[in-house]
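Examination of the molecular architecture
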Amino acid sequence: MNQPESSLDNEISNPVTTEQTETLWPDSRAEFTDSADIEAKIDELLAKMPLEQKVAQMIQPEIRDFTVEDMRRYGFGSFLNGGGSFPNQDKYATREAWVELADAMYYASLDATYDGVAIPTMWGTDAVHGHTNVIGATIFPHNIALGATRNPELVKQIAAATAKEVVATGINWVFAPTVAVARDDRWGRAYESYSEDPALVASYSSNFVEGMQGKLGENFMAADKTISTLKHFIGDGGTHLGDDQGDARVDEAHLWEIHGRGYHTGIQAGALTVMASFNSWQGDKLHGHHYLLTEVLKNKMGFDGLIVGDWNGHGQVPGCTNEHCPQSVNAGVDILMAPGKSWKPLLENTINDVKTGAISMSRIDDAVRRILRVKLRAGLFAEKSPKQRAELFDKETIGNSKHRELARQAVRESLVLLKNNGGLLPLKPGQRILVTGNAADDIARQSGGWTLTWQGTGNQNSDFPGATSIFQAIKDQVTAAGGVAELSETGDFEQKPDVAIVVFGEKPYAEGNGDLDNLEFERGNKASLALLNKLKAANIPVVSVFISGRPMWVNPELNRSDAFVAAWLPGSEGAGVADLLLTDANGNKQYEFIGRLPFSWPRLPGQGPLNAPYQNDLPLFEFGYGLTTDDNNELANFSEATGIDKHQPKRQTLFNRVVTDPFKLLLKTKHEQKEQTANTVSVSGLSFRTIDWQVQEDAIALSWDGSQIAGLSIESPFPEDFRRFDLEQLMLEFDLRVDQVGDTPLLVGANCRGACAHGFNLKSLIDEDTIGNWQHIAVPYRCVLQNKEQLSEMYSPFQLWSAGSWQIQLAHIRLRQGDEVGEFEGCIKGESE
Ligand code: BGC
Ligand code: BGC
């Protein structure tokens, strides 16, 4: 076994107390040499810029929602493409199409006919594990995997390679690295975090920044470099219960010691920008936090670059909307990220705020000074156009073989061997190998979120030219050595294999969509375990390869496996996995496992927050654990008791931004049925689309045209057991906004074994006043079921049907057990009552 590693260096593990806040937040200033010239140039520009142009420098629209003409007219200081947003909204956009848009925006920004002085714009993108919005790009392992390599130099090389692919598309700003220190693995962004260990994150932060921007005094912002962003300031990895966009309830010393280190080293390395976080600190949103943004980051730490807000993050500050938020500007956000249609009213309202005094002119000048400073330091004024820059690279830069080789190396160094009983690994390739599991031949799954689409969903293997699935990689090596590798989705086989490799894991997700309430893998739907059981019953030795964005509770799966590898989200180079699983044709090891856990591995599903050094809560595998194939380390079976039966959660989410696994969301008519897998879906009579309410895509809009009966149904492929609930105390709850009332009832019901009750008519719960407004609906589940026995087999716990022309918005559908439920008039009475 590798040497046990202590999680935190001594300095950090010393307990800090709040009395020490004076010494927190050390000066982090980087040694830029050219400051005097730059400040003089800024003074000159500021003197010539009209207010409108200054404010436009501070507004960042998104390419789906503004045009080159808007850029010419207003002269935005920057713009972005969000996850899964492409030139012309074409997922298959070529490199030339990206460059063309970059060039058009660049020249439009320089056109000063309407807006004052010629100032080049900047294009920001989320190249968080390679330039992964671009088809064919190298997809590097996600940050959690890089954490396992313990190799800061490799991180620097990956950042440099990513910068090249980015510049080759004409883009000059990357929203990475994420320097979050995830402290609760239930967080949907845990995989964007390098480690639970602040020291490791701190060393990676500076290396990433140097790789992406170049080294100060050497190749800083050379022709193949892009601007980088430390994100999300601050405490995103420390929120209560691991809630995305949640509240970090920690004291200031902890905020610095655990969550601040990556900013210190990243700023020292010259990071030009920092992104403010969606989360709150002790109840206050970071986007409105003057103390943390201005006093701490800018003043105490001496950060003199720019702070960019997150995706309409300003709109979440109390008293603000996406269209208007002087609070954020005053708190210290220099650029407001304004996707959707909000950029225009936001621009107008912010200009007006200066006129009314809600924002001071000096604050605007400070923000614009910072933006111009970044542009000057990055050399944007002196520079060639995006196209001329891109031309420095040859056509093959995107996804080139050198970058893929680097990604493959990163995969090899990141795999952590958790179990290897009987020394099963490495396998000789000259055998008959069965390859199975839901991630065996699925490049989308092995890549995770932030890959071609925001969530990483909706992608096929054919969407990844140049990439290799894990199965394909195994097959190539096995076939070359004279063996046989067979892919089987079900785990069935005709000829008994010598060994099986089962590759399985989490589906792709991003941000809050990945939040969990406990870490049990395939909770309530143990498909992978069933597969392992089947192979075990056939007496086949099993190697499990686990694809996931975080450590999970997999004790049953570990017990059924002879060898078990944590492979994280390896990305496009499946060959890196094969390199470790297989020997060469002569039976010699190709490479050894060197990856070590960057996060503690849970012993129980409830151990979301589990961090070294451990107090009473012991992990299954410690931070830093990782076997080599030379270790003779036989693991006995682990307990399969989840330890949570007694405290079964008294709530069940059915839909919250996405439908809860294992349920699916379907639209139905008598003759038609369609599963919802994208942002929009429709059947005759009813259409569905996702919309933004409080955060991105957290609500759905349903529109019935009144032509026939049509409905929405949340249902499971197997009946679900809800007997943990007490029907007498169970409420069905959701948030609802009715925009148009239909002329026939809108019925809420369910589908259970036997006949369910009649449900209720939503019309009975709305009146004139509530139309057009969000309201919280809570109805006794008794309206929906006839008796408590029916809770044992629920096919569909929620359905909505109508033949009228209703238009509604709906969010967060859940069951919640509360107090004894009293009388309720709304249930529809019928014969079955
Ligand atoms: C957008 C993505 C974007 C994400 C940011 C989504 O609603 O579709 O493009 O990256 O929000 O959180
Ligand atoms: C994410 C950021 C990202 C931005 C732009 C936000 O929702 O939190 O990490 O940079 O969207 O896509």
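This text goes with the structure placed above it.
Residues numbered from 1 in each chain as written. Chains lettered and ligands numbered in written order. Predicted model: local features only at pLDDT ≥ 70, side-chain atom pairs only at ≥ 80, totals over all residues. Heavy atoms only, no water.

**Some words on the overall build of the chain**
Counting its secondary structure elements, the chain contains 21 helices and 31 strands. Relative to the globule expectation of 28 Å for 833 residues, the C-alpha radius of gyration of the chain, 27 Å, shows essentially globular dimensions. For the C-alpha atoms alone, the extent of the chain along its principal axes is close to 80 × 80 × 55 Å. Looking at the chain as a whole, 63% of its 833 residues qualify as buried. Of all intrachain contacts in the chain linking residues separated by at least 6 positions in sequence, the fraction that spans at least 24 positions is 79%. When the accessible surface of the chain is totalled, it reaches about 30,400 Å², and 47% of it is carbon and sulfur. Each charge class in the chain was averaged separately, 75 positive and 112 negative side chains, and the resulting centres sit 2 Å apart. (Helix = DSSP H or I, 4+ residues; strand = E, 2+ residues; numbered from the N terminus. Rg over C-alpha atoms; globule rule 2.2 N^0.38 Å. Buried < 20%, exposed > 50% of the residue type's maximum accessible area, 1.4 Å probe, protein only. Contact = heavy atoms within 4.5 Å. Areas by Shrake-Rupley, 256 points an atom, 1.4 Å probe, with all protein chains shown as cover. Lys, Arg positive; Asp, Glu negative; His and termini not counted. Charge placed at Lys NZ, Arg CZ, Asp CG, Glu CD.)

**Notes on the sheet that holds strand E25 (residues 710-715)**
Strand order in the open sheet made by the six strands is E21-E20-E25-E30-E27-E28, with antiparallel pairing throughout. Taken across any chain shown, the strands that pair with only one partner, and hence form the sheet edges, are strand E21 (673-675) and strand E28 (760-761). Direction of pairing for strand E27 (residues 746-752) relative to strand E30 (residues 794-802): antiparallel, over a ladder of six bridges. Opposite Leu747, over in E30, you have Trp801 as the bridge partner. (Pairing = 2+ DSSP bridges.)

**What about the site of ligand 2?**
In the region of ligand 2, 15 residues are neighbours, and Asp126, Arg189, Lys231, His232 and Asp310 sit closest. Between ligand 2 and His232, the relevant distance is 2.7 Å, taken from an oxygen atom to a side-chain nitrogen or oxygen of the residue. One of the side-chain N or O atoms of Asp310 is found 2.6 Å from an oxygen atom in ligand 2. Computed on the free molecule, ligand 2 has an accessible area of 310 Å², of which 98% lies beneath the protein chains in the complex. Grouping the amino acids of the shell around ligand 2 by side-chain chemistry returns six nonpolar, four polar and five charged. (Near = heavy atom within 4 Å. Polar contact = N/O pair within 3.5 Å; in protein donor to acceptor, adjacent residues only side chain to side chain. Nonpolar A, V, L, I, M, F, W, Y, C, P; charged D, E, K, R; others polar.)

**A closer look at the pairing of E27**
Counted residue by residue, E27 has five buried out of seven residues, so it is predominantly covered. In this structure, E27 lies alongside E28, joined through two bridges in antiparallel fashion. Note that in E28 the partner of Val748 across the bridge is Phe760.

**Here's the deal with the nonpolar core**
Residues Phe233, Ile474, Leu581, Trp601 and Phe621 are the most contacted members of the largest nonpolar core, which totals 195 residues. With eight residues, helix H7 (residues 152-167) is the largest single contributor of residues to this core. (Core = buried A, V, L, I, M, F, W, Y, C linked by side-chain atoms within 4.5 Å.)

**Points about the site of ligand 1**
Lining the immediate environment of ligand 1, one finds Arg64, Gly82, Gly83, Trp311, Trp450, Trp454, Glu511, Gln696 and Glu697. With respect to ligand 1, the backbone of Gly83 contributes an N or O atom lying 2.7 Å from an oxygen atom. At 2.9 Å, a side-chain N or O of Glu697 approaches an oxygen atom of ligand 1. Starting from 310 Å² of accessible surface for ligand 1 in isolation, the protein chains cover 92%. Tallied by class, residues from the shell around ligand 1 come to three nonpolar, three polar and three charged.

**Focus on unusual backbone geometry**
The omega angle of the peptide bond from Lys231 to His232 is -5°, so this bond is cis rather than trans. Topologically, His232 is positioned in strand E5 (residues 229-233). Omega for the peptide link from Ala612 to Pro613 comes to -5°, which places this bond in the cis form. Among the structural elements, Pro613 can be located in the loop between helix H21 (575-581) and strand E18 (651-656). Its identity is not glycine, yet His812 carries a phi of approximately 45°, on the positive side. Its place among the elements puts His812 in strand E31 (residues 807-817). By relative accessible area, His812 is classed as partly exposed at 22%.

**A short note on the pairing of E5**
Most of E5 is tucked away: five of the five residues are buried. Across three bridges, the pairing between E5 and strand E7 (residues 273-276) is parallel. Each residue of the ladder has a partner; that of Leu230, found in E7, is Val274.

**With respect to the packing of H7 against helix H8 (residues 198-213)**
When two helices pack together, their arrangement is given by the angle between the helix axes and the distance between those axes. At a closest axis distance of 7 Å, the pairing of H7 and H8 adopts a crossing angle of 35°. The way H7 lies across H8 gives a crossing that is right-handed. Between H7 and H8, the residues in contact are Pro152, Val155, Lys156, Ala159, Ala160, Thr162 and Ala163 and Ser203, Tyr204, Asn207, Phe208, Glu210, Gly211 and Met212, respectively. Here the contact of H7 with H8 is composed, by residue class, of eight nonpolar, four polar and two charged. (Axes fitted to C-alpha atoms, helices over the stretch in contact; angles between N-to-C directions. Left-handed = near helix turned anticlockwise from the far one by under 90°.)

**Side note on the sheet that holds strand E14 (residues 484-487)**
Within a beta sheet, neighbouring strands are joined by backbone hydrogen bonds and run either parallel or antiparallel to one another. One open sheet holds the six strands; their spatial order is E12-E17-E16-E15-E13-E14, and the pairing between them is mixed. This sheet does not close on itself; its edge strands, each paired only once, are strand E12 (416-420) and E14. The average undirected angle you get between the axes of adjacent strands in this sheet is 20°. Note that E12 and strand E17 (residues 563-568) share four bridges and pair antiparallel. Counted as the bridge partner of Asn420 is Ala563 from E17.

**What about the environment of Val117?**
The residue Val117 is located in the loop between helix H5 (95-110) and strand E3 (122-125) in this model. Residue class for Val117 comes out buried when judged on its relative accessible area of 12%. Placed 51 residues apart in sequence, Val117 and Phe66 show a C-alpha to C-alpha distance of 21 Å. With residues near it in sequence (within four places) discarded, Val117 still touches Leu45, Lys48, Met49, Gln53 and Ala112.

**Comments concerning the packing of aromatic side chains**
A full pass over the atoms with the stated rule returns 27 aromatic pairs. On the numbers, 5.9 Å between centres and 45° between planes, the contact of Phe546 with Phe564 is tilted. With a gap of 18 residues between them, Phe546 in strand E16 (residues 542-547) and Phe564 in strand E17 connect regions that are remote in the sequence. The burial state of Phe546 is the same as that of Phe564; both residues are buried. Ring centres 6.2 Å apart and planes at 55° place the aromatic pair Trp568 and Trp601 in the tilted group. Here the residue Trp568 occupies a position in strand E17, and Trp601 occupies one in the loop between H21 and E18, the gap between them amounting to 33 residues. The buried category is assigned to Trp568, whose relative accessible area is 0%. (Phe/Tyr/Trp six-rings, centres within 6.5 Å; stacked < 30°, edge-to-face > 60°.)

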